[in-house]
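Next come the chains, spelled out residue by residue.
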Amino acid sequence: MARRAPSPIWLLAALCALLLLLRPRPLQAAPADAVQPVAAQPKLVALTFDDGPSPRTTPRLLEGLDRRGVKATFFLIGAQAEEEPDLVLQMAQSGHQIGIHTYDHVALTGLSQVDFDAQVGRARQVLTDLLGQADFPLRPPYGAVDDGVKRRANAPLILWSVDPEDWSDRNTQRVAAHIVSNVQDGDILLLHDIYPESVDAALQVIDQLHQAGYAFVTVEELFAARGVPLEPGHVYSRCPPPE
Ligand SMILES: [Zn+2]
């Protein structure tokens with residue numbers, strides 16, 4: 001399937017969203033015990049969630065993100081998106097970005113074109129049927145990329161720069177602390193919204209990083225803010241501010 005160029009209307013909408021995001025904040029008298037002043041030019045970070053949607057955990061995450069005015073990026077498993085179409089629609093309606101994480105979570109390296117299409121093409125079709133567009137970035141499971149994946153992706157390949165390995169111990173405090181102590185401007189954070197502990201960690205991280213002057217944006221907003229085009233078959237793991 002050919003990848004469509006973003007329409008001018010989409011670009012305009014993204015630009016408007018960005019200008020809104022980057023507008024100067026009104027000056028307020030900071031309480032004497034304020035942790036840190038909010039930077040005039042916010043540091044940007046993209047929160048990404050893999051392996052969903054899950055009816056057990058994703059709704060609470062979406063509610064928490066909405067309440068905080070935070071936009072995230074969800075890399076969905078096609079088979080689960082098919083089972084939870086309302087969650088996918090809710091994500092899109094809330095302004096989150098949606099990407100592909102294959103149809104049933106398999107490593108994409110070494111696959112034939114037919115097998116690749118059965119994973120990526122099929123997942124893209126599920127999302128297209130739900131959302132009416134076909135322009136979804138790809139996060140390969142396990143971050144596994146080879147030349148075949150790059151050649152066949154037909155989408156930018158989005159990896160990450162901060163990985164607390166939330167699946168390893170499902171420990172909210174450790175996961176949140178790992179992110180807060182490692183994060184830098186332009187990072188892409190990896191979490192999995194299928195674990196309640198990761199949902200809790202994500203919401204804690206948001207509250208702490210907001211206080212530290214970070215703004216949360218989708219992956220496409222992060223790269224657009226810094227004028228970096230996302231090209232099909234290229235691998236991206238973070239987008240620091242220009243020197
Ligand atoms: Zn995964």
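For the structure itself, look to the data block above.
In short, a report on the structure. (Residues numbered from 1 in each chain as written. Predicted model: local features only at pLDDT ≥ 70, side-chain atom pairs only at ≥ 80, totals over all residues. Heavy atoms only, no water.)

Side note on the overall build of the protein
Definition in use: Helical segments are the DSSP runs of H or I of at least four residues, strand segments are the runs of E of at least two, and each set is numbered from the N terminus. Only protein chains enter the area calculation, which uses a 1.4 Å probe; residues under 20% of their type maximum are buried, those over 50% are exposed, and those in between are partly exposed. Two residues form a contact once any of their heavy atoms are found within 4.5 Å. Where accessible areas are quoted, they stem from the Shrake-Rupley method and a 1.4 Å probe; at the residue level, only the protein chains shown are allowed to cover.
A count of helices and strands for the protein gives 10 helices and 7 strands. Looking at the protein as a whole, 43% of its 243 residues qualify as buried. Across the protein, contacts joining residues at least 24 apart in sequence account for 74% of those joining residues at least 6 apart. Total accessible area on the protein is roughly 11,800 Å²; 54% of this is exposed by carbon and sulfur atoms.

Observations regarding helix α8 (residues 172-182)
To keep it simple, the criterion reads: When we speak of the arc, we mean the arc of directions from the helix axis to the C-beta atoms. As used in this structure description, the phrase polar contact means that two N or O atoms lie within 3.5 Å; if the pair is within protein, one of them must be able to donate a hydrogen and the other to accept it, and residues adjacent in sequence are counted only when both atoms belong to side chains.
For α8, the set of buried residues is Thr 172, Val 175, Ala 176 and Ile 179. Considered in projection along α8, the buried side chains sweep an arc of 95° and stay on one side of the axis. Exposed residues pointing more than 90 degrees away from the buried face of α8 are listed as Gln 173 and Ser 181. Where α8 is buried, its residues contact α7 (166-169), β5 (188-192) and α9 (196-211). Two or three places before Gln 173, at the start of α8, stands the capping residue Asn 171, its side-chain oxygen 3.1 Å from that residue's backbone nitrogen.

Some remarks on the coordination of the zinc ion
What counts here: In this analysis a donor is any N, O or S atom within 2.8 Å of a metal ion (3.2 Å for sodium, potassium and calcium), and since water is not included, sites may seem incomplete.
The zinc ion binds to the protein through Asp 51 (OD), His 101 (NE2) and His 105 (NE2), with metal-donor distances spanning 2.0 to 2.1 Å. All donors of the zinc ion belong to a single chain; written as a sequence motif, their spacing is D-x49-H-x3-H. Here Asp 51 is found in the loop between β1 (43-50) and α2 (58-68), whereas its partner His 105 is found in the loop between β3 (97-100) and α5 (113-131), with 54 residues between them in sequence. Accessibility expressed as a relative area gives 13% for Asp 51, which makes it buried.

Section: the packing of α2 against helix α4 (residues 85-93)
Angle between the axes and distance between the axes: these two values describe a pair of packed helices. Quick note on the threshold: In this analysis an axis means a line fitted to C-alpha atoms, helices contributing only their contacting stretch, and an angle means the value between N-to-C directions, from 0 to 180 degrees. Put simply, angles under 35 degrees are roughly parallel, angles over 145 are roughly antiparallel, angles from 65 to 115 are roughly perpendicular, and the rest are oblique. Take the far helix as the reference: if the near one is turned anticlockwise from it by less than a right angle, the crossing is left-handed, and if turned clockwise, right-handed. Any residue that is not Ala, Val, Leu, Ile, Met, Phe, Trp, Tyr, Cys, Pro, Asp, Glu, Lys or Arg is counted as polar, Gly included; the first ten are nonpolar and the last four charged.
In the contact formed by α2 and α4, the axes pass within 11 Å of each other and the chain directions differ by 15°. Between α2 and α4, the interaxial angle falls into the category roughly parallel. As for how α2 packs across α4, the hand of that crossing is left-handed. For the pair α2 and α4, contact is made by Thr 58, Pro 59 and Leu 62 and by Leu 87, Gln 90 and Met 91, respectively. Here the residues of the contact of α2 with α4 sort into 4 nonpolar, 2 polar and no charged.

Quick look at the nonpolar core
To keep it simple, the criterion reads: Side-chain atoms within 4.5 Å link the members of a nonpolar core, which is a set of buried Ala, Val, Leu, Ile, Met, Phe, Trp, Tyr and Cys residues.
With 46 residues, the main nonpolar core has Phe 74 and Leu 138 as its most contacted residues. In contact with Leu 138, other than residues within four places in its own chain, are Phe 75, Ile 100, Leu 108, Phe 116, Val 120, Ala 153, Ala 155, Pro 156, Leu 157 and Ile 158. Judged by nonpolar contacts, the second largest core, of 12 residues, contains Ala 46, Phe 75, Tyr 236 and Cys 239.

Comments concerning α9
Note the cut-off: Expected helix span is taken as 1.5 Å per residue step, with the number of steps being one fewer than the number of residues.
When the terminal C-alpha atoms of α9 are compared, their 23 Å separation across 16 residues agrees well with the 22 Å that a helix rising 1.5 Å per residue should span. Of the positions making up α9, those classed as buried are Ser 198, Val 199, Ala 201, Ala 202, Leu 203, Val 205, Ile 206 and Leu 209. Looking at the buried positions of α9, the neighbouring elements they touch are β1, α2, α7, α8, β5 and β6 (214-217).

Let's talk about unusual backbone geometry
Here the bond from Gly 52 into Pro 53 is cis, since omega is 0°, no more than 30 degrees from zero. Looking at the secondary structure, you find Pro 53 in the loop between β1 and α2. Positive phi, normally seen in glycine, also occurs at Asn 154, with a value near 60°. Relative to the helices and strands, Asn 154 is located in the loop between α6 (147-152) and β4 (157-158). Within the chain, Glu 165 stands out as a residue other than glycine whose phi angle is a positive 50°. Of the residues examined, Glu 165 reaches a relative accessible area of 37% and is grouped as partly exposed.

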